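Overview (structure and organization)
Residue-level listing of the chains:
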Amino acid sequence: FRQGVDHTLIGMLDWPDFDSASGEVCLIESAAEIDRFVDGSVLVTATTDPDWVPIMKRAAAIVTDHGGRTSHAALVARQFGKPAVVGVDEIEIDLDNHRMTVGEDLEIREGEYLSIDGNLGLIFHANLPTVEPDIKDPYLLKILEWADDFRKLGVRANADYPADAQRAREYGAEGIGLCRTEHMFFEGDRIKVMREMILAHTTKERRKALAQLLPMQREDFEGIFEAMAGLPVTIRLLDPPLHEFVPHQLATQKDLADEMHISLQAVKNKVAELDEFNPMLGHRGCRLGNTYPEITEMQTRAIIEAALNLKEKGIEAKPEIMVPLVGNYNEFVEQENIIRSTAEKVFE
């Protein structure tokens, strides 16, 4: 962390990224505060989860006081091409007074500028100019061309949106190694439909909500396949537990209850029902898809239909479907049967 123009060293965290950015500080406690987030700000928070994705896409850079090299903020920021410095435990965030402090000497308030050097893991308390790297630089391209004669590794990218896939291809990715479908559900009105599906009491109600999500997913996959034409795209079926999609703050729970014309208590009961002692190993991934096979059916249909739609346009799509978090062989077989039977229906 460096302060002001004289760049007095206060603390530093190494983080290997390839980008830099400047922007005004915006301190956020939860993803529910998206309405007060200013586009192009530097997002400063304790940590991020999948429901933070819409805010992260709007941020110039991301700083967290928790996390490490494999934390959500670090991985997703890299995918979006944004610098992130994570796990800066020297930071104390004071949300009540809209400020952050570093040690005993430095106080930074919302609206003041930070500049992020993601390559060195440095944060400057200043508004420094940044330079956009030129990936078309002829010297860089020549070095990469020489490297192609010797390298034995291929590189795929993480990408959940068509724009990310297009940028990855421009950077030289040879396909997508991981497309996280859950990120697609946090955009715009999609989270509302997702919550309708979660709050459904019957399979019929769930299928009704999933029918609304189908064209949205299909459109996303078409964009990704088109950007990666001729290259493989690994799509991971819905991975996280459902509790990550429901609101946990009272205010947003009230909004959801009003929106769905149900009682606040009904929302609270569902949130409590979804709570798990260890959700990382619990009812998620393939187990969720086996409990509610209609979710796996919808996602499979969206993937296969998107590939066939592009094929009609003369664009080659190479989807690969990943079954997430398999702990038992029979879990995988059950998912495989759902996927293959759904694909056969689409082909027919």
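Residues numbered from 1 in each chain as written. Predicted model: local features only at pLDDT ≥ 70, side-chain atom pairs only at ≥ 80, totals over all residues. Heavy atoms only, no water.

So, the sheet that holds strand 15 (residues 318-322)
Definition in use: Here the rule is simple: two strands pair whenever DSSP picks up at least two bridges between them. Secondary structure elements are defined from DSSP: runs of H or I of at least 4 residues count as helices, runs of E of at least 2 residues count as strands, and each element is numbered from the N terminus.
An order of 12-13-14-15 is seen for the four strands of this open sheet, with the pairing classed as parallel. Taken across any chain shown, the strands that pair with only one partner, and hence form the sheet edges, are strand 12 (157-158) and strand 15. Relative to strand 14 (residues 232-236), strand 13 (residues 176-180) is paired through three bridges, and the arrangement is parallel. Paired with Arg180 across the two strands is Arg236, which belongs to strand 14.

Side note on the sheet that holds strand 9 (residues 106-109)
For the record, the criterion: Axis geometry follows a simple rule: fit a line to the C-alpha atoms, using only the stretch in contact for helices, then measure angles between N-to-C directions, giving values from 0 to 180 degrees.
Pairing within the open sheet is antiparallel, and its three strands lie in the order 7-8-9. Looking at strand neighbours, the two that pair on one side only are strand 7 (91-94) and strand 9, the edges of this open sheet. Within this sheet the neighbouring strands show an average axis-to-axis angle of 20°, counted without direction. Of the strand pairs in this sheet, strand 8 (residues 99-102) and strand 9 are connected by four bridges, and their pairing is antiparallel. By the bridge assignment, Val102 is partnered in strand 9 with Leu106.

Points about the layout of surface pockets
Unoccupied space between atoms shows up once a probe the size of one water molecule is rolled over them. Using the following cut-off: The distinction between a cavity and a pocket rests on a 1 Å grid over the protein atoms alone: a 1.4 Å probe fits inside a cavity but cannot get out, while a pocket stays open yet meets protein on both sides within 12 Å along at least five of seven lines, and a residue with an atom within 4 Å of a point counts as lining. Grid points are joined across faces, edges and corners, and a volume is the space filled by probe spheres set on the points. Three classes are used: nonpolar for Ala, Val, Leu, Ile, Met, Phe, Trp, Tyr, Cys and Pro, charged for Asp, Glu, Lys and Arg, and polar for all others, with Gly counted as polar.
Space inside the second largest pocket adds up to approximately 750 Å³. Lining the second largest pocket are 27 residues; nearest its centre among them are Ala31, Ala32, Asp51, Ile191 and Arg195. Elements with a minimum of two residues in the lining of the second largest pocket: helix 1 (53-58), helix 5 (190-199) and helix 7 (250-260). The leading source of residues in the lining of the second largest pocket is helix 7, at four residues. The residue makeup of the lining of the second largest pocket, split by class, is eleven nonpolar, six polar and ten charged.

What to know about helix 2 (residues 72-80)
The following threshold applies: For the exposure calls, accessible area comes from a 1.4 Å probe over protein chains only, and a residue counts as buried if that area is under 20% of its type's maximum, exposed if over 50%, partly exposed in between. In what follows, residue pairs with any heavy atoms lying within 4.5 Å of each other are defined as contacts.
Counting buried positions along helix 2 yields seven of nine residues, so the element is predominantly enclosed. Regarding helix 2, the residues found buried are His72, Ala73, Ala74, Val76, Ala77, Gln79 and Phe80. Among the structural elements, helix 1, strand 5 (61-64), strand 6 (84-85), strand 12, helix 4 (162-170) and strand 13 are those in contact with the buried residues of helix 2. Positive phi shows up at Gly81, right after helix 2, with a value of about 75°.

Points about a nonpolar patch on the surface
Threshold: Nonpolar side chains (Val, Leu, Ile, Met, Phe, Trp, Tyr) are joined into patches within 5 Å and like charges within 9 Å, using only residues with over 30% relative accessible area and no salt bridge. Per-residue accessibility takes into account occlusion by the displayed protein chains alone, with areas from the Shrake-Rupley method and a 1.4 Å probe. Here, a salt bridge means any Lys or Arg side-chain nitrogen found within 4 Å of an Asp or Glu carboxyl oxygen.
Together, Leu140, Leu141 and Leu144 give the surface a local cluster of nonpolar side chains, amounting to about 240 Å² of exposed area. Looking at the secondary structure, you find Leu141 in helix 3 (residues 138-148).

Observations concerning the confidence of the model for the chain
Note the following rule: Confidence scores labelled pLDDT are given residue by residue by the predictor and lie between 0 and 100.
Averaged over all residues, the pLDDT of the chain is 88; the fraction at 70 or higher stands at 95%. Note on residues 3-18: pLDDT is under 50 here. Beyond four places in sequence and across chains, it has 51 contacts.

So, the nonpolar core
Formally: The set of buried Ala, Val, Leu, Ile, Met, Phe, Trp, Tyr and Cys residues whose side-chain atoms join them within 4.5 Å is what this entry labels a nonpolar core.
Judged by nonpolar contacts, the single largest core of 51 residues is most densely connected at Met194, Phe221, Phe225 and Phe245. Residues within four places of Phe245 in sequence aside, it is in contact with Glu182, Phe185, Phe186, Ile191, Met194, Arg195, Ile198, Leu238 and Pro240. Cys26, Ala31, Phe37 and Ile62 belong to the second-largest nonpolar core, a separate cluster that totals 19 residues.

With respect to the pairing of strand 10 (residues 113-117)
Counting buried positions along strand 10 yields four of five residues, so the element is predominantly enclosed. As defined by bridge partners, strand 3 (residues 20-27) adjoins strand 10 across five bridges and the pair is classed as antiparallel. The residue of strand 10 that forms the bridge with Ser22 is Ser115. Taken together, the three bridges between strand 10 and strand 11 (residues 122-125) define a ladder with antiparallel strand orientation. Counterpart to Ile116 in the pairing with strand 11 is Ile123. Linking strand 10 to strand 11, which pair antiparallel, is a turn of four residues; within it Gly121 sits at a positive phi near 75°.

Remarks on the environment of Met216
Relative to the helices and strands, Met216 is located in helix 6 (residues 203-227). Between the C-alpha atom of Met216 and that of Ala46, which follows or precedes it by 170 residues, the distance is 31 Å.

A look at the environment of Ile303
With respect to the helices, strands and loops of the structure, Ile303 is situated in helix 10 (residues 293-312). Along the chain, Ile303 and Ile235 lie 68 residues apart, while their C-alpha atoms are 8.4 Å from each other. Excluding its chain neighbours within four sequence positions, the residues that come into contact with Ile303 are Phe221, Phe225, Ile235, Leu237, Pro319 and Ile321.

Some remarks on the state of the cysteines
In plain terms, the rule: The disulfide criterion used throughout: a pair of cysteine sulfur atoms within 2.5 Å.
For the structure on display, the rule yields zero disulfides. Here Cys179 stays unpaired: no disulfide links it, and the sulfur of Cys286, its closest cysteine neighbor, is 18 Å away.

Describing the pattern of salt bridges
Evaluation of the coordinates by the stated rule reveals 24 salt bridges. In this structure, Asp94 engages Arg99 in a salt bridge whose closest nitrogen and oxygen atoms are separated by 3.0 Å. Between Asp239 and Arg284 there is a salt bridge, with the nearest N and O atoms lying 2.5 Å from each other. Taken together, the positions of Asp239 in the loop between strand 14 and helix 7 and Arg284 in the loop between helix 8 (264-274) and helix 9 (286-291) put the pair 45 residues apart, joining distant regions of the chain. Note on accessibility: Asp239 and Arg284 belong to one class, buried.

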